[in-house]
Amino acid sequence: MKHRKQFGLFTVLVVLMFGAPARTMRLRGASLVPQASVESLDAWLDALRKQHNVPAMGAIVFRADTILARGIAGVRRSNLPEPVKAEDRFQLGSNTKAITATVIATLVEEGKLKWTSTLAEVFPDLRESMSSEFRDVTIDMLLSHHGGISAFSDTDDKDFKSIPRLSGTPTERRAAFTAWVLRSKPAGPVGKGVYSNGGYAVAGAVAEKITGETWESLVQTRVFKPLGLVGSFAWSNSPDLNQPWGHYETRGGTKPVNPGDANERVPAIIWPAGSVELSLGDYTSFLQLNLRGLQGHDTKLLKAATIKHLHTSPVSPPDKYGLGWGLQDFDGAPASVHVGSAGAFYAITIIQPTRDLGVAVFTNAGGERATAATTEAAKSLIKRFATVGASKPEL
């Protein structure tokens with residue numbers, strides 16, 4: 001059975017994480033409350049996932065150069081007893097956008113692209129057929145959701161259903177999608193911040209056009225390999241059935257989603273917006289790189305100034321959109337945030353450079369209960385570890 005897939009989840013994090021007072025889970029028994037000196041969050045997460053009725057959860061708390069706490073609990077599939085493991089990969093959903101923006105940033109540092117490069121300059125062969133409003137859209141605008149491209153947030157929405165039948169390799173389909181969408185009129189005013197998965201599909205095509213390489217190979221060679229990460233993409237054509245399965249929420253629990261079912265795969269055109277799969281530890285390596293850059297340290301992948309650019313709104317006055325990141329305040333400190341889901345997994349991340357603190361939370365389920373579980377965990381952990389060493393409330 002084919003299920004609708006929803007990709008536009010950044011605004012959910014803005015509302016759930018920052019638009020309401022934090023609610024923390026209180027558990028009986030001191031052994032279930034992670035302390036600053038205790039590395040394991042396993043028992044606390046196990047209780048939290050059971051409370052919200054999701055198959056598995058993982059969470060990690062980190063500084064730029066160390067791990068404060070981590071844990072994982074639950075099962076890979078709700079209908080089998082096999083437990084999740086620390087090295088298991090979960091879908092990042094729209095948190096993939098920060099990785100795509102990082103790939104683009106490496107091209108900027110190499111001089112192959114500029115933040116001010118326009119779509120007309122990148123795609124000269126499309127200039128004449130391109131809607132005039134899109135010609136001056138810059139890479140900055142595209143990656144910060146100011147390009148006027150439709151959201152493409154739900155496979156049941158009109159914009160998704162209007163996509164013509166595309167064939168060929170994922171790269172060929174993204175190129176055809178880009179040509180088609182840029183012939184259309186903008187979905188809204190160019191320059192206005194409107195969250196867009198379609199914009200990141202075009203960004204993937206930009207990287208492919210500039211380099212002659214596939215987006216997938218660019219992620220592997222420019223992000224995964226330098227950082228020593230082992231990642232995959234959106235239940236590929238050869239999925240590993242021994243990894244966690246995603247789950248759809250049902251009235252009484254969750255239903256496992258077979259990663260071998262072609263109907264359940266994220267459409268290839270949208271992969272640069274939401275398809276990467278990483279383990280909690282590997283994803284943290286990527287997040288720590290961002291945290292170090294935001295603190296002014298050059299990294300093995302990007303210079304500090306480039307990382308700061310990714311975490312800065314490029315428009316004036318600035319708004320809540322960076323390049324692959326949402327920009328908010330949480331608990332009195334600036335934060336770069338994002339949430340991702342294509343319906344069967346859920347991931348939240350928040351990093352706070354002034355506190356030298358970050359949190360990431362995964363679950364292998366989508367829906368309201370998964371949203372509540374991961375959001376509660378992220379809020380609780382940030383509040384708990386914001387001032388390690390001081391007296392803190394229980395989780």
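Described in the following lines is the structure provided in the data block.

### Looking at the overall build of the chain
Now for step 1: When you go through the chain residue by residue, the secondary structure sums to 14 helices and 11 strands.
Now for step 2: Split into buried and exposed, the 395 residues of the chain put 58% on the buried side.
Now for step 3: Across the chain, the fraction of contacts at a sequence separation of at least 24, relative to all contacts at a separation of at least 6, is 69%.
Now for step 4: Total accessible area on the chain is roughly 15,500 Å²; 50% of this is exposed by carbon and sulfur atoms.

### A short note on the packing of helix α3 (residues 96-109) against helix α10 (residues 215-227)
Now for step 1: Viewed as axis vectors pointing N to C, α3 and α10 meet at an angle of 75 degrees, and their least axial separation amounts to 10 Å. Of the possible angle classes, the one that applies to α3 and α10 is roughly perpendicular. Together, T96, I99, T100, T102, V103, T106 and L107 of α3 and W215, L218, V219, R222 and V223 of α10 make up the contact between the two elements.
Now for step 2: Considering only residue class, the contact of α3 with α10 consists of seven nonpolar, four polar and one charged.

### Some points on the packing of α3 against helix α9 (residues 197-211)
Now for step 1: Where α3 meets α9, the axes come as close as 10 Å, and the angle between the chain directions of the two elements is 30 degrees. The angle between the axes of α3 and α9 places the two elements in the roughly parallel class. Between α3 and α9 the crossing geometry is left-handed. For the pair formed by α3 and α9, the contact residues are K97, T100, A101, V103, I104 and L107 on the first element and N197, Y200, A203, V206, A207, I210 and T211 on the second.
Now for step 2: Here the contact of α3 with α9 is composed, by residue class, of nine nonpolar, three polar and one charged.

### Points about the pairing of strand β11 (residues 357-363)
Now for step 1: With seven of seven residues buried, β11 is to be regarded as a mostly interior element.
Now for step 2: By the bridge criterion, six bridges tie strand β1 (residues 56-63) to β11 in an arrangement that is antiparallel. Paired with I60 across the bridge in β11 is A360.
Now for step 3: Note that strand β10 (residues 346-352) and β11 share seven bridges and pair antiparallel. Within β11, the residue paired with Y346 across the bridge is T363.
Now for step 4: The loop that links β10 with its antiparallel partner β11 comprises four residues; one of these, D356, has a positive phi angle of about 50 degrees.

Reading the values: rules and limits
- Residues numbered from 1 in each chain as written.
- Predicted model: local features only at pLDDT ≥ 70, side-chain atom pairs only at ≥ 80, totals over all residues.
- Heavy atoms only, no water.
- Helix = DSSP H or I, 4+ residues; strand = E, 2+ residues; numbered from the N terminus.
- Buried < 20%, exposed > 50% of the residue type's maximum accessible area, 1.4 Å probe, protein only.
- Contact = heavy atoms within 4.5 Å.
- Areas by Shrake-Rupley, 256 points an atom, 1.4 Å probe, with all protein chains shown as cover.
- Axes fitted to C-alpha atoms, helices over the stretch in contact; angles between N-to-C directions.
- Parallel < 35°, antiparallel > 145°, perpendicular 65-115°, else oblique.
- Nonpolar A, V, L, I, M, F, W, Y, C, P; charged D, E, K, R; others polar.
- Left-handed = near helix turned anticlockwise from the far one by under 90°.
- Pairing = 2+ DSSP bridges.

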